[in-house]
Amino acid sequence: MRIIKRIFIVSFLILLLIYVTNITSIPSNIILFQGESLKVNTLLGINLESRDDESYEAIQASSDISSEIKTIGKRNYSLNLFGGIELKSITVNVIPKTSVIPLGNAVGLKLYTSGVLVVGMSEIEGVDNNKYKPYENTGIQEGDMIVEINDETVTCTADLLNTVNKSKGNNLSIKYLREGQTLETNITPVKVGNNNYKLGLWVRDAAAGVGTVSFYEPSTKTFAALGHGIQDVDTGNLLDIAKGDFVTTKIVSIIKGKKGSPGKIQGSIENSTQVGEVYKNTEFGVYGKVTNVSALNIDLSKAIEVATRDEIKTGPAKILCTLENNKKQEFDIEIEKIYTNNNENNKSMQVKVVDKDLIEKTGGIIQGMSGSPIIQDGKMVGALTHVLVNDPEKGYAVFADLMIKQAREVN
């Protein structure tokens, strides 16, 4: 009897975990193109009901909720269990189909954090020749973002250094961010010289790199680049930014990729021209406003519609990218696989380079080509994001609709 009871309890807990995981995986805010279907994967007993129109028929399914929405604007839904218990509210923002100008320009990005990022820790030697680890038992970890010291805002490494040196070794109150949570701790600086104090923390307040801008949306003056986010090289975490600059770049050289060793585009952003401002760094790309359209040589007559993922098909497509002499070129690829229901990451499609000229120049997909727009049947369908290290002719791409939705989410 005890064994049966235990089996029942374990089974119930597993079932409960499955339901909780399913419910939490459903986003509270969803953006759709006009005419696109609202698809929500659910479990038995979970219903989605409209809050805006009592006559709107409740949508029920045991495996998938799907409803085509044709009206532009916001709709409010309630996710219910067995029609009675409300689990969460969902807002669906339906936007009109969008046209963008695919670019493929090589660009430089300078990102500045919303504090100082902890990228390492090291033991330090005080003026008394003893070894100290001030950060021990404070809770601070690599990847944390220090935003305040003694209630004073920290915006850059200079702010942190000045405040620490002014402390004269007195205990400091530190406020820092980790995965969206604000935490607090105390730390005592160690004197290492005349009016010089240290915490034993290695920090950074900026990052820079070269990539490809995917598109420009004339109606909002928005740009999207990379198709993936910029991560800190030391922590591997997505960089939490306060602001950024979008600048021109000059391609210096191309390192050809080969199996086991990805190639890359090497560029310089010295003497660059400001193109725009970055306002968001996400897993689906870097976004911002273009303030100097002429710097990108944009042809406003080249606007094309963004395809919904249901319009994408396996087979031939083209990418636009800049490799040498700042000249934009078009190359042939094949879309091999389409992961239509993937909204979780930027690996929406698997693609293969088939253009002999591109393979000769780069070996396939190389670092710096991330963000290269993909065009199929006269529509923008996505942008390159990754290369397969063991097969540089193959890689992944993100859906263009995901990039547009990310851009609209912050406007």
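Model, not experiment: these values are computed from the prediction.

Draft legend 1. Spotlight on the pairing of strand β9 (residues 106–121). Most of β9 sits inside the fold, with 12 of its 16 residues counted as buried. As paired strands, β9 and strand β18 (residues 201–217) are joined by 11 bridges and run antiparallel to one another. Paired with Met121 across the strands is Leu201, a residue of β18. Note: β9 against strand β20 (residues 241–248), 7 bridges, orientation antiparallel. In the strand pairing of β20, Gly108 is matched with Val247. Direction of pairing for β9 relative to strand β12 (residues 145–149): antiparallel, over a ladder of 2 bridges. Pairing of Leu117 across the sheet is with Met145, part of β12.

Draft legend 2. A look at the side chain of Asp205. Summarising the element assignment, Asp205 is placed in strand β18. The buried charged residue Asp205 lacks any salt bridge partner; its closest oppositely charged side chain belongs to Arg204, at an N-O distance of 7.3 Å. A polar side-chain atom of Asp205 sits 3.0 Å from the main-chain amide nitrogen of Thr157.

Draft legend 3. Expanded view of the confidence of the model for the chain. Per-residue confidence for the chain gives a mean pLDDT of 83; residues scoring 70 or more make up 91%. A low-confidence stretch, residues 54–67 stays under pLDDT 50, and its non-local contacts, those more than four residues away or across chains, total 37 contacts.

Draft legend 4. How the structure looks around a nonpolar patch on the surface. A cluster of nonpolar residues, Phe8, Ile9, Phe12, Leu13, Leu16 and Val20, forms a patch on the protein surface that exposes about 590 Å² of accessible area. When its relative accessible area of 40% is taken as the criterion, Val20 is described as partly exposed.

Draft legend 5. Focus on the pattern of salt bridges. Enumeration according to the criterion identifies 10 salt bridges in this entry. Close ionic contact of Lys394 with Glu336 constitutes a salt bridge, the shortest N to O distance being 3.8 Å. One end of the pair, Lys394, is in strand β31 (residues 391–399); the other, Glu336, is in strand β27 (residues 327–338), with 58 residues separating them in the sequence. Relative accessible area serves as the criterion here: at 31%, Glu336 is assigned to the partly exposed category. Between Asp401 and Lys405 there is a salt bridge; the shortest N-O distance is 2.8 Å. Taken together, the residues Asp401 and Lys405, both in helix α4 (residues 400–409) and 4 residues apart, mark about one turn of the helix. Residues Asp401 and Lys405 agree in their burial class; the two are buried.

Draft legend 6. Inspection of the packing of aromatic side chains at higher detail. Per the counting criterion, the structure on display carries 1 aromatic pair. Above the plane of the ring of Tyr112 lies Lys243, whose end atom (NZ or CZ) is 5.8 Å from the centre.

Draft legend 7. Structural detail: unusual backbone geometry. A positive phi is found at Asn129, a non-glycine position, where the angle reads about 70°. Within the secondary structure, Asn129 sits in the loop between β10 (124–125) and β11 (131–132). For Lys221, which is not glycine, the phi dihedral falls at a positive 60°. Note on placement: Lys221 falls in the loop between β18 and β19 (222–225). Given a relative accessible area of 46%, Lys221 falls into the partly exposed group.

Draft legend 8. How the structure looks around the sheet that holds β31. Pairing in this closed barrel of 6 strands is antiparallel, and the strands run β26-β27-β28-β31-β30-β29 around the ring. Direction aside, the axes of adjacent strands within the sheet are offset by 40° on average. The sheet contact formed by strand β26 (residues 315–324) and β27 spans 9 bridges and is antiparallel. Each bridged residue has a counterpart across the sheet, and for Lys318 the counterpart in β27 is Asp332.

Conventions we followed
- Residues numbered from 1 in each chain as written.
- Predicted model: local features only at pLDDT ≥ 70, side-chain atom pairs only at ≥ 80, totals over all residues.
- Heavy atoms only, no water.
- Buried < 20%, exposed > 50% of the residue type's maximum accessible area, 1.4 Å probe, protein only.
- Helix = DSSP H or I, 4+ residues; strand = E, 2+ residues; numbered from the N terminus.
- Pairing = 2+ DSSP bridges.
- Lys, Arg positive; Asp, Glu negative; His and termini not counted.
- Salt bridge = Lys/Arg side-chain N within 4 Å of Asp/Glu carboxyl O.
- Polar contact = N/O pair within 3.5 Å; in protein donor to acceptor, adjacent residues only side chain to side chain.
- pLDDT = per-residue confidence, 0-100.
- Contact = heavy atoms within 4.5 Å.
- Patch = residues over 30% accessible without salt bridge, like charges linked within 9 Å, V, L, I, M, F, W, Y side chains within 5 Å.
- Areas by Shrake-Rupley, 256 points an atom, 1.4 Å probe, with all protein chains shown as cover.
- Phe/Tyr/Trp six-rings, centres within 6.5 Å; stacked < 30°, edge-to-face > 60°.
- Lys NZ or Arg CZ within 6 Å of the ring centre and 35° of its normal.
- Axes fitted to C-alpha atoms, helices over the stretch in contact; angles between N-to-C directions.

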